[in-house]
2 protein chains.
Amino acid sequence: MESNTASSDEQRYQVRKLEITDKNKGFMELLQQLTVCDFVTDEEFQTRFEELKSYGDDHVICVIEDVHLSRIVATGSVFIEKKFIRNCGKVGHIEDVVVDSSARGMRLGKKVADFLADHARLSGCYKVILDCSDDNKAFYEKCGFKQKEIQMVKYFI
Amino acid sequence: MESNTASSDEQRYQVRKLEITDKNKGFMELLQQLTVCDFVTDEEFQTRFEELKSYGDDHVICVIEDVHLSRIVATGSVFIEKKFIRNCGKVGHIEDVVVDSSARGMRLGKKVADFLADHARLSGCYKVILDCSDDNKAFYEKCGFKQKEIQMVKYFI
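Everything numeric in this text was worked out from a predicted model, so none of it was measured.

*Asks:* What is the right way to read the pattern of salt bridges from this model?
*Replies:* This structure, assessed with the given rule, holds 30 salt bridges over all chains. Salt-bridge contacts for A:K83 lead to A:E81; the nearest nitrogen and oxygen are separated by 3.3 Å. One salt bridge connects B:R16 with B:E65, and the closest N-O pair in it is separated by 2.8 Å. You can see B:R16 sitting in strand β1 (residues 13-17) and its partner B:E65 sitting in strand β2 (residues 59-66), a full 49 residues away along the chain. Comparing B:R16 with B:E65 shows no difference in burial state: the two are buried. If you follow the salt bridges from partner to partner, you end up with A:R16, A:E19, A:D22, A:K25 and A:E65 in one network.

*Asks:* Is there a simple way to think about the nonpolar core in this case?
*Replies:* As a rule of thumb, nonpolar side chains are buried together in soluble globular proteins. In this structure, A:F27, A:F84, B:F27 and B:F84 are the most contacted members of the largest nonpolar core, which totals 44 residues. Look past the residues within four positions of B:F27 in its chain and what remains in contact with it is A:F84, B:L18, B:D22, B:F45, B:I61, B:V63, B:I72 and B:T75.

*Asks:* Looking at this model, I keep getting lost on the sheet that holds strand β5 (residues 127-132) of chain B. Mind explaining?
*Replies:* Adjacent strands of a sheet pair through backbone hydrogen bonds, lying either parallel or antiparallel. Taken together, the twelve strands give an open sheet; going across it, the order is β1(A)-β2(A)-β3(A)-β4(A)-β5(A)-β6(B)-β6(A)-β5(B)-β4(B)-β3(B)-β2(B)-β1(B), and neighbouring strands pair in mixed fashion. Strand pairing shows two members of the sheet lacking a second neighbour, β1 (13-17) of chain A together with β1 of chain B, which therefore form its edges. Sheet twist, expressed as the mean angle between neighbouring strand axes with direction ignored, is 25°. Strand direction decides the pairing type here: strand β6 (residues 146-155) of chain A and β5(B), joined by six bridges, are antiparallel. When the bridges of β5(B) are listed, A:K154 appears paired with B:V128. Against the sheet, helix α5 (residues 108-122) of chain A touches β1, β2 (59-66), β3 (71-82), β4 (90-99) and β5 (127-132) of chain A together with β6 (146-155) of chain B, its axis set at about 25° to β3(A). Running at roughly 135° to β3(A), helix α3 (residues 42-53) of chain B makes contact with β3 and β4 of chain A together with β2 of chain B of the sheet.

*Asks:* I tried to follow the interface of chain B and chain A on my own but got confused; where do I start?
*Replies:* For interface size, the figure often reported is the accessible area lost on association. Listed by partner, the interface residues are 67 residues for chain B and 67 residues for chain A. In total, chain B and chain A occlude about 6200 Å² of area from one another, counting both sides; carbon and sulfur atoms represent 59% of this. When the buried area of chain B at its contact with chain A is split by residue, B:F84, B:M152 and B:F156 rank highest and sum to 15% of it. Counting the contacts that link chain B with chain A gives six salt bridges. The partner of B:K83 in a salt bridge is A:E95, and the shortest N-O contact between them spans 2.9 Å. Across the contact surface, chain B and chain A share 36 residue pairs in polar contact (both at pLDDT 80 or more). Among the elements that make up the side of chain B that touches chain A, the one with the highest residue count is β6(B) (ten residues). A class-by-class count of the residues in the side of chain B that touches chain A yields 34 nonpolar, ten polar and 23 charged.

Cut-off values and rules
- Residues numbered from 1 in each chain as written.
- Chains lettered and ligands numbered in written order.
- Predicted model: local features only at pLDDT ≥ 70, side-chain atom pairs only at ≥ 80, totals over all residues.
- Heavy atoms only, no water.
- Salt bridge = Lys/Arg side-chain N within 4 Å of Asp/Glu carboxyl O.
- Helix = DSSP H or I, 4+ residues; strand = E, 2+ residues; numbered from the N terminus.
- Buried < 20%, exposed > 50% of the residue type's maximum accessible area, 1.4 Å probe, protein only.
- Core = buried A, V, L, I, M, F, W, Y, C linked by side-chain atoms within 4.5 Å.
- Contact = heavy atoms within 4.5 Å.
- Pairing = 2+ DSSP bridges.
- Axes fitted to C-alpha atoms, helices over the stretch in contact; angles between N-to-C directions.
- Buried area = accessible area lost by both parts, 1.4 Å probe.
- Polar contact = N/O pair within 3.5 Å; in protein donor to acceptor, adjacent residues only side chain to side chain.
- Nonpolar A, V, L, I, M, F, W, Y, C, P; charged D, E, K, R; others polar.

So, in structure tokens, the structure goes:
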């Protein structure tokens, strides 16, 4: 029974890269659960989508779609920073991970974090990093992360 | 007298963007003071330099050259991440800030941090962020930053 449920969940919750039609599947509304995320027109969305697409594998947004409801229920992004240190090494930066409040407790957040970390690893990064609140530390530890430094911020607006 | 010294320092320590010839002015040796930074051939350096240059203003490396010695004595980088949140906002990420051990105490680190933060602000970012050790927290507070979150890391090698 358990494996049937797992298999059924895998069919229902499909992990893939962001597509332009995801704006109509609640992608922006999902981001609103993460932070300030104002209304964006279809044109603004398309412009940003195309900008990010031009980076190819250097900027990837992962989404999980609930195909029963045609809704995006989890997302996160990773971009690949190219450095001179570490023999011209690369670092993955994970950003904007969020799971829909109605879809928590199904390990979708871990699926997103794993997808993004795998992408960084397969892109040749020597590490992947992210910033999070103390409240989310335990979650990322379950995903194989360890606390290292502190994040500093300077706001302009 | 003091303004003469300041003016003389400004002439001696020139703040600008990285140039390809900076490899011959100790740029890589300076990065070695920050972290693991293995030997890089001229060809590898050029390839990475051109890759980063293709990002235009979305990835900028600041250096300070001691023009008396023709040596790079401070550096730091910033890249501009494009998001969907915050009305398709942008965030600057500062990385790899280091000042040569022989050139500390002259506020060159603050000059680098200010250059990078100004670049992010002028690029339309709503904030600029960085990760640092607890030891460097006070320095970045002098540069106008505040502690916010924690950094998590997952190493692949």
